[in-house]
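Each chain, letter by letter, is given below.
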Amino acid sequence: MWLNPEEVLVKNALKLWVTEKSNDFFLLQRRRGHGEQGGKISGLLVGALDTVLDSSARVTPFRILLQVPGSQISWVIASGAAIEEVNKHWDWLVHNLLHSLSVFENKEDVASFVKGKVKGLIAEEARGRQAAQEDEPDKFREVLLKFELHFGLPSSEKLVTHYSCCCWKGRVPRQGFLYLSINHLAFYSFLLGKEVKFVVPWAEVTRLERVSSPLMTESIRVSTRQRQRDFSMFLNLDEAFGVIGQLADIALRRLLDSEGLELDRVLQQPTRITKRVLEEQALREYVLALFRLPRAERLYEVASCSVWTPHARCHTAGTLYATDSYLCFSSREEGHCTLLIPLSEVLSIEKAESTSLLPNPVIVSVRSKKAFQLIELQERDELVDGLNARLRALQWKHSMFRSRPQGKRSLSMQQVKQRLWDDHFLEFGRGVHMFRTDKIQRLVAMGIPESLRGELWMNFSDASTELAAHQGYYSGLVQRAMGHSSLATEEIERDLHRSLPDHPAFQNPTGIAALRRVLTAYAHRNPKIGYCQSMNILASVLLLYAKEEEAFWLLVAVCERMLPDYFNRRVIGAQVDQSVFEELIRERLPELAEHIPDLSPLSSVSLSWFLTLFLSVLPFHSAVCVVDCFFFHGIKAIFQLGLAVLDANAAQLCASTDDGQALMVLTGFLDQVGSGEDSSGPPPSPQPPAEENNGVPAVGRTNITDLINESYEKFGELTVRQIERLRCRHRILVLQAHEDTTKENALRLVSPDVSISPDDLADVYDLFKVSVRLRGEPGRSCDQQQYRLDRPQFKSLYGLLTPWPGGSPQHADTLANRTFTLLDQDQDSMVTFREFACWLDTLYCEELNEKIRLLYRLHIPPGEHRVLLTCPPHLSTSPVLLTCPPHLSTSPVLLTCPPHLSSSPVLLTSVRLSVPLSLHQREFIQFCKTLYSLFHGDPEENDLFQAIATVTSLVLQIGEAGHRSGRHRGSEVSQQEEEEAEPKGGGEDSVSDSEWTVSYAQILASLLTEQALVNFFEKPADLSAKIASAKQKQYEQRAGLLALQHAAS
């Protein structure tokens, strides 16, 4: 394969390589020992070396070198594992380049020409590999070339797809092409001699929406913080809008700090993202949401078919989805009929004889002695073979486990409901694989009998399959988790007695202990979530109707599958759904949205509806009916019920004069929602009687079943597909809002302490944040919610923003390390944005003496860093005498700090001295080296070198004079003081008596005598220009990382 040209020294390489072919410009070499039949010692040694090296360090046995006559330096331009592969590259070079190279007079031009040609071949191969992933490779290759030509983005920037469309500028449309890559949206138009092109990074997109106006057809509006752009006249607007939303969502998840938001493994590798992958991922997300499957499930087959439905006595047409562990069927009309068959319940999948009435039939037999018939399956053979292969693998994996029959609860129940469900089981089946139709929806709306509630929750959520597949998992988890103390366990203990406090089950140690075990076990299972408020309420209700282990797996299903991203520190999923809920209010309840333009107060009220599934706002029995609907329909049921609640109170909400009155309207309504079961089962929490309060009229009782049925009738057309599409769009808004809030908070805290302009400070924050991202690490502390840099990240950003060149790379690296150590005040090996901004402010905005003070502090030994700054004024209340080490100072230093700190030596070390310590001889030499390095490349370099030489000579004289004076005073020190100082001064780090020290004041006074130095440090530096350059370099660094990821994948 062709390689990016890399220098090698031919003289040394001859010992390891044997030349097979050569001409004036190229060498084809074989690794010594490879393919040799004899037993020469050199070949055996090289062969042994290649054998013991790991795979990443081994070299290919054949390579081609580019050589320039008369030079010892050559370049590796191709390599291969087989001689046939390398011979193809050799032949290409001989036939296409060799004759052309003879016309070059300058041999250096030969190397540049060949290296450029090889790089072009590599880029062409990369385009070919990328184009091969597409449906029309040749056409995509042409588009890729135009994309690279128009925008000049790095070669690692992978193009996903493109669309022909119009971009509107005011009332003028510009016809062109919209290019969508993994990190950017780009548009290019060339019309009537005028070129229009722009690039928008996905990370800057804040909103995506479909809009229409009299001037244009329906269009896609892409908004950033600076402006918005409208695109229209797509051949397939739905497809384009979906792809744009997916790419923006993926990029934001990957780039922004999105704790708890996990990407699919394929999407974590940007170089593998294609339009086909995005379509498959969108379908997979829809299937996982529709059937509430585990997030790890992969979608293998999608096939149109018809399933025999005994209750309807006919075949129902729809789509079959096959995943790792499930067979799923959904009718063409979503929600009309669904079927979920875990493969762990399947005994066999067989093909039956095809007839005219039953074309391509497949029979699926399950353990409950039932069989499902599927017909009209295209590519039946491949589908059945794939299903049987996964079935055999699953049966082998779970051969030791079998589902246990669900036990019935002995609590009282309504006989009518029980008979209805018994009849339903006879007709539609029982268990996870029962047919889920409109009839079961009506039964769920009536409320599940308490004797069946736990069983049906387990079946609807498919937690029963997880339980059967993980026998003993919960008990082992409890044993490992109990007794461990953490922040999560502390929060759990605090909330245990707040969980349904009026319910008898949690007024005794037995119920509390069970709740503790479930919550603690889950926190141990999923530390990324740990424990969040509202989980205690949910787990309490689950324990009332299911066994302890079943309640645990129900909690797993809710937290990890049915309410994704809800239970993390920032409840991202809940906030996304609140944003979706606001849009649904505007669409489905336009009159209410018109009277209440700002829906954020309603969203703040409805947040608890979603987080607790109405358990915290409805009477107990009514809320449990909502949980029934949630386990059957998923989050769709909560959206529908929320809309129904607002619709039932629309008139009063429109008439309300403030947010408080609107809140009382909703609270009063929800308090009076009854279930008709107050006389049986667990007692509800006591509710106050309805009465007029603060002008809010009394509310009559509403039956929860009527309210649920009304939500189905008015808002039942809402589908899972619509919700998933809305979530994808609104997740962008929520993530960007979080980033904006974090940025605003950071800037507000830092701004009073620095003189950097607000715009520059905001740009520095962006650079700081991207530096954290470049390493692919979160870099954000959980408690302070702020970005922090580790040492390598800081050094990278230091090199981009420091105003001084820094001389040699080695010395610049040393200075960056010293700066990091100085800024790391709490010694946690991390630097915060506040610390970084203050350091940058000193370099660009402070006076000369502060800049010199900073350089001076960088050369104090690391152990003394924390005693260099002045004590804060609010702490300066009384003096405390502290003596510095003998090798740093010969006289006591007065430290000011409050009286309550005076007796604590530990706290004393963290309060800073108002007088900097002295530099001894070795440190001063390093200080001078640093000053010399700062002047390299400056237009006044010669004058600065002469000035610093003068200053150095002057300071040396001051140091020698001070040393002679200090040695005279040192002879008067008592014997006792010498003995006390001896242990501290001994060892390798002790300072010789022959070394002298100089103070900061002496160095500053000496520097002020040279005007050239004063001009250098007082010369204003352009931070804005430095930031602009840093942004470009940072982008190139990121492009390099993407290229490395591409090479690794």
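The protein carries the name TBC1 domain family member 8B in an unreviewed UniProt entry, which gives Myripristis murdjan as its organism.

With that settled, the discussion passes to the overall build of the protein. Across its full length, the protein holds 39 helices and 28 strands. In the protein, which comprises 1049 residues, the proportion classed as buried is 50%. Taking the intrachain contacts of the protein between residues at least 6 apart in sequence as the baseline, contacts between residues at least 24 apart amount to 64%. Total accessible area on the protein is roughly 50200 Å²; 52% of this is exposed by carbon and sulfur atoms.

What follows is about the environment of E1018. Of note, E1018 is situated in helix 38 (residues 1011-1018). Each C-alpha atom of the pair E1018 and C845 lies 9.5 Å from the other, and the pair is 173 residues apart in sequence.

With the rule as written, the count across this model stands at seven cavities of 30 Å³ or more. Counted as a void, the largest cavity has a volume near 200 Å³. In terms of lining residues, the largest cavity is bounded by 13 residues, among which L290, R292, T338, F632 and H633 are the most central. Considering every element that reaches the lining of the largest cavity, the biggest residue donor is strand 16 (residues 337-342), with three residues.

Okay, a nonpolar patch on the surface next. On the surface, V416, L420 and M446 cluster together into a nonpolar patch covering about 220 Å² of accessible area. Residue placement: V416 occurs in helix 10 (residues 415-428).

The next thing to look at is the UniProt feature "domain: EF-hand" (unreviewed entry) in the protein. In this structure's numbering, the residues bearing the UniProt feature "domain: EF-hand" (unreviewed entry) are residues 811-846. Along residues 811-846 the backbone is 72% helical and 6% strand, and the end-to-end C-alpha distance reaches 24 Å.

Bringing unusual backbone geometry into the picture now. Positioned with a positive phi, E376 is a non-glycine residue whose angle comes to about 60°. Mapped onto the elements, E376 comes out in the loop between strand 19 (371-375) and helix 9 (380-397). The phi angle at D462 is positive, at roughly 60°, despite the residue not being glycine. By secondary structure assignment, the location of D462 is in the loop between helix 12 (450-461) and helix 13 (463-469). Residue class for D462 comes out buried when judged on its relative accessible area of 1%.

Overall, the predicted model of the protein reaches an average pLDDT of 78, with 78% of residues at or above 70. Segment residues 679-694: pLDDT under 50, and 30 contacts once partners within four positions in sequence are set aside and those in other chains are kept.

In this structure the tally under the stated criterion is 36 aromatic pairs. Ring centres 6.1 Å apart and planes at 75° place the aromatic pair Y163 and F234 in the edge-to-face group. Taken together, the positions of Y163 in strand 6 (residues 159-169) and F234 in the loop between strand 12 (228-232) and helix 7 (237-255) put the pair 71 residues apart, joining distant regions of the chain. Summarising the burial analysis for this pair, Y163 and F234 share the class buried. An angle of 85° between the planes, with centres 5.2 Å apart, marks the rings of Y765 and F833 as edge-to-face. Here Y765, found in helix 28 (residues 758-774), pairs with F833, found in helix 31 (residues 833-845); they are 68 residues apart in sequence, far enough to count as distant. The rings of Y765, F768, F794, Y798, F820, F833, F836 and W839 are connected pair by pair, giving a single aromatic cluster. The ring centre of W17 lies 4.0 Å from the NZ or CZ of R63, which sits over that ring. The ring of F241 has R210 sitting right over it, with the charged end atom 5.7 Å from the ring centre.

Here we come to the side chain of S1006. Topologically, S1006 is positioned in helix 37 (residues 1000-1007). On the basis of relative accessibility, which here comes to 2%, the residue S1006 falls in the buried class. Sequence-distant contacts of S1006, that is, excluding residues within four places in its chain, are made with V951, L954, V955 and I958.

What counts as what
- Residues numbered from 1 in each chain as written.
- Predicted model: local features only at pLDDT ≥ 70, side-chain atom pairs only at ≥ 80, totals over all residues.
- Heavy atoms only, no water.
- Helix = DSSP H or I, 4+ residues; strand = E, 2+ residues; numbered from the N terminus.
- Buried < 20%, exposed > 50% of the residue type's maximum accessible area, 1.4 Å probe, protein only.
- Contact = heavy atoms within 4.5 Å.
- Areas by Shrake-Rupley, 256 points an atom, 1.4 Å probe, with all protein chains shown as cover.
- 1 Å grid on protein atoms, 1.4 Å probe; cavity = no way out; pocket = protein on both sides within 12 Å on 5 of 7 lines; lining within 4 Å.
- Points joined across faces, edges and corners; volume = space filled by probe spheres on them.
- Patch = residues over 30% accessible without salt bridge, like charges linked within 9 Å, V, L, I, M, F, W, Y side chains within 5 Å.
- Salt bridge = Lys/Arg side-chain N within 4 Å of Asp/Glu carboxyl O.
- UniProt positions renumbered as here; feature names shortened; annotations may be inferred.
- pLDDT = per-residue confidence, 0-100.
- Phe/Tyr/Trp six-rings, centres within 6.5 Å; stacked < 30°, edge-to-face > 60°.
- Lys NZ or Arg CZ within 6 Å of the ring centre and 35° of its normal.

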